[in-house]
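Descriptive analysis of the structure
Spelled out from the first residue to the last, the chains are:
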Amino acid sequence: MSLKSVFAGSAMLALLAGCATGPMEQSGEDVAETPEVNYQGTLPCRNCDGIDLDVVMSGEEMDAAEARTFALNAAYRNHPQNPPDENYVGNWEVLTGTPSDPDATVYELTPDGEGQIYYFLRIDPQTLELIDPERRRFENGEMLRLDRQL
């Protein structure tokens, strides 16, 4: 499912939900949109020139679990077997702590249905780093970073 389809479907559901409850008074204040953050980077690949990763996270850390969603796209560059892009959508959780830093913030991205669970360490507000399921950093962690897009 494409990212556009996910957002179009979400917008349609929100519109239908608003119609079902009847008209509401307008207070003059704009309703805040769900915050959305986009991170991109290229991960190393043994058999290709890299894996372009694009992650869009919607919602905020304090939102209910169902309001924290993500879309992830992984595309292989010049892979000899030319695999298709991997596209996942699902929910993300906030975990606290790693073996080396008990105060670290880790995002766990769990796809709907089948798919790999991804773990990202928040290095700073602009940078995420892919880590292993035990929340340990890889030796080549600098090569596993995604940068926030403006």
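Coordinates for the structure precede this section.
Before going into details, it helps to say that this report is about the structure given with it. The structure displayed is predicted, hence computed values, not measured ones.

Note on aromatic pairs: each is described by the distance of the centres and the angle between the planes. Under the counting rule described, the total for this entry stands at three aromatic pairs. Ring geometry for Trp92 against Tyr107: centres 5.4 Å apart, planes inclined by 85°, an arrangement best described as edge-to-face. With Trp92 in strand β4 (residues 86-96) and Tyr107 in strand β5 (residues 105-111), the pair connects residues that are 15 residues apart, well separated along the chain. Across the pair, exposure class does not vary: Trp92 and Tyr107 are buried alike. When the ring of Tyr118 is compared with that of Phe120, the centres are 6.2 Å apart and the planes differ by 10°; the resulting orientation is stacked.

With that settled, consider the sheet that holds strand β2 (residues 50-58). Ordered by their spatial adjacency, eight strands build a closed barrel running β1-β2-β3-β4-β5-β6-β7-β8, and the pairing between neighbours is antiparallel. Averaged over all pairs of adjacent strands, the angle between their axes in this sheet comes to 30°, without regard to strand direction. With seven bridges connecting them, β4 and β5 associate as antiparallel partners. Looking across to β5, one finds that Gly90 is bridged to Pro111.

As a further point, take the state of the cysteines. Here the structure, examined in full by the defined rule, presents one disulfide. Paired through a disulfide, Cys45 and Cys48 show a sulfur-sulfur distance of 2.2 Å. In this structure, the disulfide formed by Cys45 and Cys48 twists by about 125° around the S-S bond and is classed as right-handed.

Scoring rules and cut-offs
Residues numbered from 1 in each chain as written. Predicted model: local features only at pLDDT ≥ 70, side-chain atom pairs only at ≥ 80, totals over all residues. Heavy atoms only, no water. Phe/Tyr/Trp six-rings, centres within 6.5 Å; stacked < 30°, edge-to-face > 60°. Helix = DSSP H or I, 4+ residues; strand = E, 2+ residues; numbered from the N terminus. Buried < 20%, exposed > 50% of the residue type's maximum accessible area, 1.4 Å probe, protein only. Pairing = 2+ DSSP bridges. Axes fitted to C-alpha atoms, helices over the stretch in contact; angles between N-to-C directions. Disulfide = S-S within 2.5 Å.

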